[in-house]
Structures are given as structure tokens and as C-alpha cells.
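Here is what each chain is made of, one letter per residue.
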Amino acid sequence: IVHHVQKAHHLTQQELSILLAAGEITPSMTRRLAVIDLAQILLRSEASSPLLQNTHAYINKQREGRRFLQMYPHIPVATLVEQIKFYVTHPDLLVQEKEALTHLPRRHTENVRTLLRAHGMRINPLAFFATLTRWHDERTEVDQSVHFQMERLLRVAAERFHLTFQGASYLLPPELHYIQNGLVTERTLQHRSTEGMLIALEHGAYNTHEGERAVSMQDDLASRYMSQLAYEDVS
């Protein structure tokens, strides 16, 4: 569809990227702005040079730094430190990004309006895909946070129930109750790890398949997917 629209309206790659852009501050951009704000506070500090050598301590000292760590616990502190140091050592880029992100919605609206007028279009024919871009960004941020929290829970469960972390990764939510009573063993979890495990959504509920059954179902799904792609190529 995107290729068809590009060809029909003689759009350049740059114009296409404008129509496909989210056009608003997405969660990942909000996080980047928070990093930029932390870097700006460090730059304004008279003792920025020594602080730059110990950015980790600076983050924990600043209220904004502690708030960032609370809002984004899934972002490693080492990663945050490197990002702050990068902006501090590239102040011109910091200013440019802050300016671009702050005024992004208004400027994007103006760019889209100008582009549509130039090509004689009334509406953005790729607006839905622009929405998908925003949804994808939101989903990625949520996935990162959920993955981090789930890993923390699994590590607690592994320690409490005397499991390896790898084994605990193959626990199903309903099994947390059973494992307390010894009904789910490390051997069962190890079997899932080595022999394979597949969770399938079937008729509104999820079912678990292990071993040969899981491998067979996975192969069948892969075969169906490849057949569908071949059919689409022919049609």
C-alpha cells in the first residue's frame, strides 16, 4: 500500500517518511527528553567537569535523576550514564534535539499540510500507518518495562522455590501456586527448556505443548506461513 501511494503521487523518500511519521511525542521521545533534561542540569552545574567523571553519583543526587530511575527502571544505569555523557560532550546536538522534539508536533503538522497541498491531496493517505508507528513505539516501551518486571519476579520465585532462573523462565502463571506444593519440579521445567515448549492461543484460551508436540506444531505453523507468503506472491 505504501509503495502504491508513493508511486501514485510521485512522492520522494523524504516526503514518504513525513507522511509515515507519528508526528507527536511518543514514549521513547519522552524518555529521550528526560535524558536531555538531566544532561542540561549537569551542563549548568559549575562543577560539571568533576561530575562528568562520576555521573552515576550525580544521577542519584538529583531529584530528576531519581525520578527517571523510578519511571524507567528497565533502563540500565550504565546506559543512562553513557547517554548523559554523550549529550554533555555534544552540547550543540543536545540543543538541536531538544528544539526538534519540543516543537515536533507543530512542525510536523505544518510539514504534512505543505506536502499535501503541493501534491494536491486533501488528507494523508498513510495516516493509519503513521498511527501504527506511534502504536509500535508505545508497545516497544511497554514490552521493555514488562520484560524487566517479569524478570525481577522470576528471580524472586527462583530464589524462593529453589529453582534455577532458567527453569523459572518456563513457569506458567497458574503454576506458581502448584510449585509451592512441590507439584511442579525443576525436572519438569528443565524438560521444557531442552525439549521445547509452545504456548498456543486456541479458542479463547491458551494451551501448552511440550517436546515433540511443540516442535510439530511449530513446524506446521511455519509451513502454513510460508504457504501463505507463496500464495500472496502468486496473486
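Relevant structure appears above.
Rules of the game
Residues numbered from 1 in each chain as written. Predicted model: local features only at pLDDT ≥ 70, side-chain atom pairs only at ≥ 80, totals over all residues. Heavy atoms only, no water. Helix = DSSP H or I, 4+ residues; strand = E, 2+ residues; numbered from the N terminus. Rg over C-alpha atoms; globule rule 2.2 N^0.38 Å. Contact = heavy atoms within 4.5 Å. Areas by Shrake-Rupley, 256 points an atom, 1.4 Å probe, with all protein chains shown as cover. Lys, Arg positive; Asp, Glu negative; His and termini not counted. Charge placed at Lys NZ, Arg CZ, Asp CG, Glu CD. Salt bridge = Lys/Arg side-chain N within 4 Å of Asp/Glu carboxyl O. Buried < 20%, exposed > 50% of the residue type's maximum accessible area, 1.4 Å probe, protein only. Axes fitted to C-alpha atoms, helices over the stretch in contact; angles between N-to-C directions. Parallel < 35°, antiparallel > 145°, perpendicular 65-115°, else oblique. Nonpolar A, V, L, I, M, F, W, Y, C, P; charged D, E, K, R; others polar. Core = buried A, V, L, I, M, F, W, Y, C linked by side-chain atoms within 4.5 Å. Phe/Tyr/Trp six-rings, centres within 6.5 Å; stacked < 30°, edge-to-face > 60°. Lys NZ or Arg CZ within 6 Å of the ring centre and 35° of its normal. Pairing = 2+ DSSP bridges.

Some details on the overall build of the protein chain
Moving on, step 1. The helix and strand tally for the protein chain stands at 14 helices and two strands.
Moving on, step 2. For 235 residues, the compact-globule formula gives about 18 Å, and the C-alpha radius of gyration of the protein chain, at 25 Å, lies well above that figure.
Moving on, step 3. Contacts spanning at least 24 positions in sequence make up 54% of the contacts within the protein chain whose residues lie at least 6 apart.
Moving on, step 4. With the model as given, the accessible surface of the protein chain reaches about 15,900 Å², and the carbon-plus-sulfur share is 55%.
Moving on, step 5. The positive charge centre, built from 24 side chains, and the negative charge centre, built from 26, are 8 Å apart in the protein chain.

Here we look at the pattern of salt bridges
Moving on, step 1. Counted under the stated rule, the structure contains twelve salt bridges.
Moving on, step 2. Between R134 and E24 there is a salt bridge; the shortest N-O distance is 3.5 Å. Here the residue R134 occupies a position in helix 10 (residues 127-160), and E24 occupies one in the loop between helix 2 (13-20) and helix 3 (27-44), the gap between them amounting to 110 residues.
Moving on, step 3. One salt bridge connects E110 with R106, and the closest N-O pair in it is separated by 3.4 Å. Taken together, the residues span about one helical turn, with E110 and R106 both in helix 9 (residues 104-118) at a distance of four residues.
Moving on, step 4. Here E110 falls in the partly exposed class, since its relative accessible area comes to 35%.
Moving on, step 5. Where salt bridges share partners, they join E24, R134 and E138 into one cluster.

Some remarks on the packing of helix 3 against helix 10
Moving on, step 1. For the pair helix 3 and helix 10, the least separation of the axes is 7 Å and the interaxial angle reads 65°. As far as their axial angle goes, helix 10 and helix 3 are roughly perpendicular. When helix 3 is examined against helix 10, the residues P27, S28 and R31 are found in contact with a partner set consisting of D137, E138, E141 and Q144.
Moving on, step 2. Residues that form the contact of helix 3 with helix 10 fall into these classes: one nonpolar, two polar and four charged.

Remarks on the nonpolar core
Moving on, step 1. Of all hydrophobic cores here, the largest spans 20 residues; its most connected members are Y58, F68, L80 and I84.
Moving on, step 2. Listing elements by their share of this core, those giving two or more residues are helix 3, helix 5 (55-61), helix 7 (77-89) and helix 8 (91-102).
Moving on, step 3. At eight residues, the largest contribution of residues to this core is made by helix 3.
Moving on, step 4. Non-local contacts of I84, meaning those with residues more than four positions away in its chain, are made with V35, L38, A39, L42, T55, Y58 and I59.
Moving on, step 5. L19, L115, L116 and L126 belong to the second largest nonpolar core, which has nine residues in total.

Section: the packing of aromatic side chains
Moving on, step 1. By the definition in use, this model includes four aromatic pairs.
Moving on, step 2. Centre to centre, the rings of F68 and Y72 are 4.8 Å apart; their planes meet at 45°, and the pair counts as tilted.
Moving on, step 3. Ring centres of F86 and Y87 lie 5.7 Å apart, and the angle between their planes is 70°; on these two criteria the pair is classed as edge-to-face.
Moving on, step 4. Taking the relative accessible area as the measure of exposure, F86 reaches 38% and is therefore partly exposed.
Moving on, step 5. The exposure class of Y87 is buried, given its relative accessible area of 7%.
Moving on, step 6. One aromatic cluster in this structure is built from F128, F129 and W135.
Moving on, step 7. The residue whose ring lies beneath R155 is F165, and the NZ or CZ to ring-centre distance is 3.9 Å.

Some points on the pairing of strand 1 (residues 197-202)
Moving on, step 1. With six bridges connecting them, strand 1 and strand 2 (residues 205-210) associate as antiparallel partners. Bridged to M197 within strand 2 is E210.
Moving on, step 2. As consecutive antiparallel partners, strand 1 and strand 2 are separated by two residues, and within that stretch H203 has a phi angle of approximately 55°, a positive value.

Let's talk about unusual backbone geometry
Moving on, step 1. One non-glycine residue, H10, lies in positive phi territory at about 55°.
Moving on, step 2. One can find H10 in the loop between helix 1 (2-8) and helix 2.
Moving on, step 3. In the Ramachandran plot, H162 falls in the positive-phi region, its phi being about 60° despite a non-glycine side chain.
Moving on, step 4. Among the secondary structure elements, H162 is positioned in the loop between helix 10 and helix 11 (165-168).
Moving on, step 5. Note on H162: relative accessible area 72%, which makes it exposed.

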